[in-house]
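Residue-level listing of the chains:
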Amino acid sequence: MTMKAAIGLIIVVLLGCIGLPMALISAVLGGSGDCAPAMPNTSDQRGIGRWDTEQVSIAATIVYVGAAKGVPSWGWVVALATAMQESQLRNLPYLGESNDHDSIGVFQQRPSQGWGTPAQLADPAYQAERFYDKLLTIPGWKDMPLTQAAQAVQVSAYPSAYAKWTSDASLLADAVGSAYGWTPGDPERCVSTCPQMPPSSGSLGPDSGCVAGMSVLARAATWLTAWDGRPVPYLSSGDPSTWFQGYRRDCSGYASMALGLPGPGLNTAGLAARSTPIPKAALVAGDLLINSAPDGEGHVVVFERWTDQTMTAYVGYEQAGSGGTHHRVIPYPYFGSYQMTPYRFRS
């Protein structure tokens, strides 16, 4: 299978899962060999969750502009949260006295403040580009809480208002970014294999197939920004006062949360006991890689997708001592000589 054919299959699968536009297939397949994206035509976009067709189309444009400029996915989240607060992801016209001065558009940017002409600012792609241009000039923005990074760009009278959109923005950035075949958090790496979806046997929980796998990933993504806009820190503790949202903050508590299990979660041995070993080639979104060694020596990773057809590295979610919640590329089966076994969780 060629790289372009494989990327095309990914898009087809994700379109069936979260309703993203058919136009994205041609956008991805028409890109250059180094995965530079083309601006998507979002005219066929459908809603995702609470966000309707218009809002998701604008979100797709914002994420795609960020990917094209090489902005890491944390920047996409910052941009989406800003647009959610400023306009509810609507391309607002000038509303006269109802506006803040002469603010218009998705990001409510002001022509009088040098953001562009009214005609330019009527284009969400132009507004997104200007937002990212300003964000990239801010020293240390990648390490800032969302509200601080957004405020550094927007200079809003209500700087704390952006934080409440962190989770929504993270989930939407991940859903839209995944549909383009870009690895969230590493937009310079192309995804070139198609993760086949598991059979609709309920093997991943009450949902089946791609819906279940994407639900697992969506829950996993929430902990990337749930700790005041940053990843949830790692802690292995049986003290309920140290848990987060009712779950232990270790790797197995995190995986249990992503799987939708009751808190505080199973340990690694319990997850392995509730799962079925599968071949490496059968791994799909929402599956697990587990080392069930006792005495705190075990580990579990939530599988998202292979990075390429060699199946020598994959994108996964994990809770680890080195920084808490991670969404990153991992060599198969894990870093160093640490051994992991692929599993599919049984509901």
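Bear in mind the structure is a predicted one, so any value in this text is a computation, not a measurement. (Residues numbered from 1 in each chain as written. Predicted model: local features only at pLDDT ≥ 70, side-chain atom pairs only at ≥ 80, totals over all residues. Heavy atoms only, no water.)

## Examining the overall build of the protein
Our working definition: For the purposes of this entry, the term helix denotes a DSSP run of H or I that reaches at least four residues, the term strand denotes a run of E that reaches at least two, and both are numbered from the N terminus. In this scheme, a residue with accessible area under 20% of its type's maximum is buried, one over 50% is exposed, and one in between is partly exposed, where area comes from a 1.4 Å probe on protein chains only. Whether two residues touch is decided by their heavy atoms; if any such pair falls within 4.5 Å, the residues are in contact. All accessibility values rest on the Shrake-Rupley procedure with a 1.4 Å probe; residue burial counts only the protein chains present in the view.
Along the backbone of the protein there are 11 helices and 8 strands. Out of the 347 residues in the protein, the part that is buried amounts to 54%. Once local pairs closer than 6 in sequence are excluded, the contacts in the protein between residues at least 24 apart make up 55%. Surface summary for the protein: the accessible area is close to 14200 Å², and the carbon and sulfur share equals 55%.

## Here's the deal with the pattern of salt bridges
Rules: Salt bridges are identified by distance alone: a Lys or Arg side-chain nitrogen within 4 Å of an Asp or Glu carboxyl oxygen.
Scanning the entire structure with this criterion turns up 8 salt bridges. E54 serves as the salt-bridge partner of R90, at 2.6 Å between the closest nitrogen and oxygen. You can see R90 sitting in the loop between α4 (73–87) and α5 (118–121) and its partner E54 sitting in helix α3 (residues 53–68), a full 36 residues away along the chain. You can call R90 partly exposed: its relative accessible area is 23%. Classification of E54 as partly exposed rests on a relative accessible area of 38%.

## Points about helix α7 (residues 146–154)
Along α7, the residues that are buried comprise L146, A149, A150, Q151, V153 and Q154. Directly beyond the C-terminal end of α7, a positive phi value near 50° is found at V155.

## As for the nonpolar core
We count it as follows: To define a nonpolar core, start from buried Ala, Val, Leu, Ile, Met, Phe, Trp, Tyr and Cys residues and group those joined through side-chain atoms within 4.5 Å.
In terms of nonpolar packing, the biggest core is built from 44 residues, with I62, L80, L89 and Y132 touching the most fellow members. Where this core is concerned, the elements lending two or more residues are α3, α4, α6 (124–135), α7 and α8 (166–179). The element that contributes the greatest number of residues to this core is α4, accounting for 9 residues. Grouped together as the second largest cluster of nonpolar side chains are 26 residues, V216, A221, W223 and V232 included.

## As for the sheet that holds strand β6 (residues 313–320)
Formally: In this scheme, strands are said to pair when DSSP sees at least two bridges between them. For helices, the axis comes from a line fit to the C-alpha atoms of the stretch in contact; other axes are also lines fit to C-alpha atoms, and the angle between any two N-to-C directions lies between 0 and 180 degrees.
Pairing is antiparallel in the open sheet, where 6 strands are placed in the order β3-β8-β4-β5-β6-β7. On the outer flanks of this sheet lie β3 (275–277) and β7 (324–331), each paired with one strand and no other. Each adjacent strand pair in this sheet contributes to an overall mean axis angle of 35°, direction not counted. Bridge count between strand β4 (residues 288–291) and strand β5 (residues 299–306): 4 bridges; the pairing is antiparallel. Residue pairing for β5: L289 is matched across the bridge by V301. The sheet contacts of helix α10 (residues 251–259) involve β4, β5, β6, β7 and β8 (341–345), and relative to β5 the element is tilted by about 45°.

## A closer look at the packing of α4 against α7
Applicable threshold: For classification purposes, angles smaller than 35 degrees are called roughly parallel, those larger than 145 roughly antiparallel, those between 65 and 115 roughly perpendicular, and all remaining angles oblique. For a crossing to be left-handed, the near helix must be turned anticlockwise from the far one by less than a right angle; the clockwise case is right-handed.
The interhelical angle for the contact between α4 and α7, taken along N-to-C directions, is 70°, at an axis separation of 10 Å. Judged on the interaxial angle alone, α7 and α4 are roughly perpendicular. For the crossing formed where α4 meets α7, the hand is right-handed. Mapping the contact onto sequence places W74, V77, V78, A81, T82 and E86 in α4 and L146, A149, A150 and Q154 in α7.

## What about unusual backbone geometry?
Residue P264 follows G263 across a cis peptide bond; omega there is 5°. As for its placement among the helices and strands, P264 is situated in the loop between α10 and α11 (268–273). Going from Y332 to P333, the amide bond is cis rather than trans, its omega being 0°. Residue position: P333 is located in the loop between β7 and β8. Backbone geometry places Q108, a non-glycine residue, at a positive phi of 55°. Structurally, the position occupied by Q108 is in the loop between α4 and α5.

## Considerations on the packing of aromatic side chains
Threshold: Only Phe, Tyr and Trp rings are paired, with Trp represented by its six-membered ring, and only when their centres lie within 6.5 Å; those with planes under 30 degrees apart are stacked, over 60 edge-to-face, the remainder tilted. In this scheme, Lys NZ or Arg CZ marks a charge over a ring once it lies within 6 Å of the ring centre and within 35 degrees of the ring normal.
In total, this model carries 13 aromatic pairs according to the counting rule given. Aromatic pair W51 and W165: ring centres 6.2 Å apart, planes at 50°, arrangement tilted. One end of the pair, W51, is in the loop between α2 (23–29) and α3; the other, W165, is in the loop between α7 and α8, and 114 residues separate them in sequence. Residue class for W51 comes out buried when judged on its relative accessible area of 6%. Of the residues examined, W165 reaches a relative accessible area of 8% and is grouped as buried. Judged by centre distance (6.1 Å) and plane angle (80°), the ring pair of F131 and Y132 falls under edge-to-face. Ring pairing ties together the aromatic residues W223, W227, F244 and Y254, which thus form one cluster. Lying across the ring of W74, R230 places its NZ or CZ 4.7 Å from the centre.

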